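Given next are the chains, with one letter for each unit.
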Amino acid sequence: MQAEMLRLANDMASTHSFSFLLSSLAVVTLGHVLRSPSLHLRRETKSSLGYPKDSLLNFTELTAEYGYLSEEHKVLTDDGYILTMFRIVKARNCHRAKRSPPVLLMHGLLQSSDSWIDSGPDAGLAYLISDACYDLWLGNVRGNYYSREHVRLDPDKDPAYWKFYIEEIGIYDVPAMIDYVLEYTGFEKLNYIGFSQGTGTFLVMCSEKPGYCDKVKLVISLAPASRQMHTQSKIFRTVTQFFYRMEDTLSRAGLYEAFSKGGPGQEFAAFFCHLSSEAERLCEEVIYEFDHVNSLHFGSIASKTIRVLFGHFPAGTSVHNMARYGQSMNSGRFEKFDYGREQNLVLYGSEEPPQYNLSATTVPVMCIYGKNDGLVDTRDVEWLMAQLPNVLELVKVEDPQWSHLDFTYSQYTKNTVFPKINEYLLKFSYG
Ligand SMILES: *[C@@H]1O[C@H](CO)[C@@H](O)[C@H](O)[C@H]1NC(C)=O
Ligand SMILES: *[C@@H]1O[C@H](CO)[C@@H](O)[C@H](O)[C@H]1NC(C)=O
């Protein structure tokens, strides 16, 4: 059976056809529909099948592998979700006292804290930032595999668990993690780094939770996702439109969770991408097709990283959150979920969904973005920055090929984006 799967996958890799690309996309999209326990291979089995070791390790294990010591922290939100945070307490290359205040690093859509370490100690921003002696904390939002827990609701049985989008992440998760870090460390403020959705949810927090913005000294915003009117990735548009249009149908079928880790989509990708250099190349093509605006440009994401990242990505979210991204592709505003005129009237008292108040993000913001980002377009980033009252600097990465996922997975972060991040963290740190 396994030999057969291997042969089949290798055949598909060598045909290199676009239809394969589409069918693998379908597998990923509908992964959770087919979810079956038989697909859960044990770690030992995967290891013997040649999966790269790093792809099978969790955050504390993987950082330990490279000489970093991490702790696991559980954080409870006001609405009962139990989130997992990690803190790197000892970095391999930091031999002095830690700089303060603490830094909170937040992943993007369908990612987890592991996204910051998948590219290894020479490139993963979690490693670079903690090597520069910042007290680094990493968040995980509700629905991903580290934060798939609730005091009362069972994510496998209760649809109510999955009734969230960036609204709830911004109102509950981000504030809970900020409060936890501040309470634990005794500081009054921290510095926040948000990638993509990690910035979007911060903007929601500032708009909907007055006072919380003031707990942050500086926001470093990497390819921020707010409105996404100009998103050019056809695949991302198609996938999110699918969820937007099909959400009711999917929920009638009992499907509320999208792209979970351990679902066949993720399992298939992790299995397939390590098979051969041909397969790996195809996985790289899928990523670039997904993300880049212009020509395909290979090599920014190291091949080892490709094999490792599919052990941790996609990390899972709600169908509702995916649907909200579908909405944001079609709207010129950064707004709440659009349930249609009638329901909007009942819920919001207006036919149109209310916009998030971007003037409420009063903290200083430094933003870095890429010219070749197929998911968060430069025009939408520039639109957002024009709305925010306190933008310190807007930095376009010089490399014309710099794309969305490069922020987490590129092998070149040390020379492209890290120096700017470090400059601002230093400026906003004391001690
Ligand atoms: C990570 O792995 C370690 C060692 O196997 C285990 O003790 C820990 O609970 C795991 N953490 C998470 C969040 O899965
Ligand atoms: C938006 O936030 C700003 C700053 O907190 C506030 O002055 C303004 O009144 C808010 N606008 C709306 C429409 O709530």
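Residues numbered from 1 in each chain as written. Chains lettered and ligands numbered in written order. Predicted model: local features only at pLDDT ≥ 70, side-chain atom pairs only at ≥ 80, totals over all residues. Heavy atoms only, no water.

As for helix α15 (residues 378–387)
So, point 1. Of the positions making up α15, those classed as buried are Thr378, Asp380, Val381, Trp383, Leu384 and Met385.
So, point 2. Contacts made by the buried residues of α15 are with α8 (197–208), β6 (216–222), β9 (365–369) and β10 (391–396). (Buried < 20%, exposed > 50% of the residue type's maximum accessible area, 1.4 Å probe, protein only. Helix = DSSP H or I, 4+ residues; strand = E, 2+ residues; numbered from the N terminus. Contact = heavy atoms within 4.5 Å.)

Some words on the site of ligand 2
So, point 1. Around ligand 2, a shell composed of Asn357, Ser359 and Ala360 is seen.
So, point 2. The protein chains hide 27% of the 360 Å² of surface that ligand 2 would expose on its own. (Near = heavy atom within 4 Å. Areas by Shrake-Rupley, 256 points an atom, 1.4 Å probe, with all protein chains shown as cover.)

Quick look at the side chain of arginine 142
So, point 1. Looking at where arginine 142 falls in the secondary structure, it is placed in the loop between β4 (134–138) and α7 (166–185).
So, point 2. Among the residues examined, arginine 142 registers a relative accessible area of 1% and is labelled buried.
So, point 3. In this structure the side chain of arginine 142 is engaged in a polar contact, spanning 2.7 Å, whose partner is the side chain of aspartate 173.
So, point 4. Residues in contact with arginine 142, not counting those within four places in the same chain, are Thr77, Asp79, Tyr81, Leu83, Ser147, Tyr161, Phe164, Glu168, Ile169, Tyr172 and Asp173. (Polar contact = N/O pair within 3.5 Å; in protein donor to acceptor, adjacent residues only side chain to side chain.)

Structural notes on the site of ligand 1
So, point 1. Near ligand 1, the surroundings consist of Asn58, Thr60, Glu61, Glu72 and Tyr146.
So, point 2. At a separation of 2.9 Å, an oxygen atom of ligand 1 approaches a polar side-chain atom of glutamate 61.
So, point 3. The contact in question runs from a nitrogen atom of ligand 1 to an N or O atom on the side chain of glutamate 72, over 3.1 Å.

Comments concerning the pattern of salt bridges
So, point 1. Scanning the model with the defined rule gives 22 salt bridges in all.
So, point 2. Measuring nitrogen to oxygen at the nearest pair gives 2.7 Å for the salt bridge that ties arginine 148 to aspartate 156.
So, point 3. The class of aspartate 156 is exposed, set by a relative accessible area of 57%.
So, point 4. Ionic pairing is found between glutamate 280 and arginine 307, a salt bridge with its closest N-O pair at 2.9 Å. Taken together, the residues glutamate 280 in helix α11 (residues 277–291) and arginine 307 in helix α12 (residues 303–309) connect sequence positions 27 residues apart.
So, point 5. Judged by relative accessible area, which is 14%, glutamate 280 ranks as buried. (Salt bridge = Lys/Arg side-chain N within 4 Å of Asp/Glu carboxyl O.)

Some thoughts on the state of the cysteines
So, point 1. Counted under the stated rule, the structure contains three disulfides.
So, point 2. Residue pairing for cysteine 94: its cysteine sulfur links by disulfide to cysteine 133, the two sulfurs lying 2.1 Å apart. The disulfide joining cysteine 94 to cysteine 133 has a torsion of about 115° about its S-S bond and is therefore right-handed. With cysteine 94 in the loop between β2 (82–90) and β3 (99–106) and cysteine 133 in the loop between α6 (125–131) and β4, this pair connects stretches of sequence that are 39 residues apart.
So, point 3. Relative accessible area serves as the criterion here: at 7%, cysteine 94 is assigned to the buried category. (Disulfide = S-S within 2.5 Å.)

A few points about the packing of helix α9 (residues 234–252) against helix α13 (residues 319–328)
So, point 1. Direction vectors running N to C along α9 and α13 enclose 125°, while the axes themselves pass 7 Å from each other. The orientation of α9 relative to α13 falls into the category oblique. Remark: the crossing between α9 and α13 carries left-handed chirality. On α13, the residues that touch Phe236, Val239, Thr240, Gln241, Phe243, Tyr244, Glu247 and Leu250 of α9 are Val319, His320, Met322, Ala323, Tyr325, Gly326 and Gln327.
So, point 2. Its residues placed into classes, the contact of α9 with α13 shows nine nonpolar, five polar and one charged. (Axes fitted to C-alpha atoms, helices over the stretch in contact; angles between N-to-C directions. Parallel < 35°, antiparallel > 145°, perpendicular 65-115°, else oblique. Left-handed = near helix turned anticlockwise from the far one by under 90°. Nonpolar A, V, L, I, M, F, W, Y, C, P; charged D, E, K, R; others polar.)

Let's talk about the pairing of strand β1 (residues 69–76)
So, point 1. Pairing of β1 with β2, which is carried by eight bridges, proceeds in the antiparallel orientation. Residue leucine 76 lies in a different strand from β2, and its bridge partner there is isoleucine 82.
So, point 2. Between β1 and β2, which pair antiparallel and follow one another directly, the connecting turn spans five residues, one of which, glycine 80, has a positive phi of 90°. (Pairing = 2+ DSSP bridges.)

A few points about the UniProt feature "active site" (unreviewed entry) in the protein chain
So, point 1. Residues annotated by UniProt as "active site" (unreviewed entry) correspond here to Ser196, Asp373 and His404. Of the residues just listed, which span 209 residues, no C-alpha pair is farther apart than 11.1 Å, and they cluster in one region.
So, point 2. Here aspartate 373 lies in the loop between β9 and α15.
So, point 3. Take aspartate 373: its relative accessible area is 2%, and that puts it in the buried class. (UniProt positions renumbered as here; feature names shortened; annotations may be inferred.)

Here's the deal with the nonpolar core
So, point 1. Membership of the largest hydrophobic core comes to 84 residues, with the highest contact counts inside it found for Leu104, Ile178, Tyr192, Phe202, Phe243 and Phe310.
So, point 2. Ranked by residue count, the leading element in this core is α7, at nine residues.
So, point 3. Not counting the four nearest positions on each side in its chain, leucine 104 is found in contact with Met85, Trp137, Leu138, Gly139, Met177, Ile178, Leu190, Asn191, Tyr192 and Ile193.
So, point 4. Core analysis: the second largest hydrophobic core is formed by 42 residues, Phe86, Leu218, Leu425 and Phe428 among them. (Core = buried A, V, L, I, M, F, W, Y, C linked by side-chain atoms within 4.5 Å.)

Focus: α7
So, point 1. Between its first and last C-alpha atoms α7 spans 27 Å; for 20 residues at 1.5 Å apiece the expected length is 28 Å, and the two agree.
So, point 2. Of all the bends in α7, the largest measures some 25° and sits at aspartate 173, one to four residues before the proline proline 175.
So, point 3. A large share of α7 lies buried, amounting to 15 of its 20 residues. (Expected span 1.5 Å × (residues − 1). Bend = angle between axes of the 7 residues up to and from the residue.)

Concerning the side chain of arginine 227
So, point 1. Position of arginine 227 relative to the elements: it lies in the loop between β6 and α9.
So, point 2. With a relative accessible area of 9%, arginine 227 lands in the buried category.
So, point 3. Within the structure, the side chain of arginine 227 is placed 3.2 Å from the backbone oxygen of glycine 332, a separation counted as a polar contact.
So, point 4. At a separation of 2.8 Å, a polar atom in the side chain of arginine 227 contacts the side chain of aspartate 380.
So, point 5. Those residues within four positions of arginine 227 in sequence are excluded, and the remaining contacts are Ser328, Ser331, Gly332, Arg333, Phe334, Asp380 and Trp383.

Structural notes on the packing of aromatic side chains
So, point 1. Taken as a whole and judged by the stated rule, the model has 26 aromatic pairs.
So, point 2. Both rings, one in phenylalanine 86 and one in tyrosine 146, keep their centres 4.9 Å apart while their planes meet at 75°; by these two values the pair is edge-to-face. Linking phenylalanine 86 in strand β2 with tyrosine 146 in the loop between β4 and α7, this pair joins segments that are 60 residues apart in sequence. The pair formed by phenylalanine 86 and tyrosine 146 is uniform in burial state, with each residue classed as buried.
So, point 3. Each member of the aromatic cluster is reached from another via a ring pair, and the members are Tyr165, Tyr244, Phe337, Tyr339 and Tyr348.
So, point 4. The aromatic ring of phenylalanine 164 is capped on one face by arginine 142, whose charged end is 5.9 Å from the ring centroid.
So, point 5. Of note, lysine 427 hangs over the ring of tyrosine 424, and the distance from its end group to the ring centre comes to 4.3 Å. (Phe/Tyr/Trp six-rings, centres within 6.5 Å; stacked < 30°, edge-to-face > 60°. Lys NZ or Arg CZ within 6 Å of the ring centre and 35° of its normal.)

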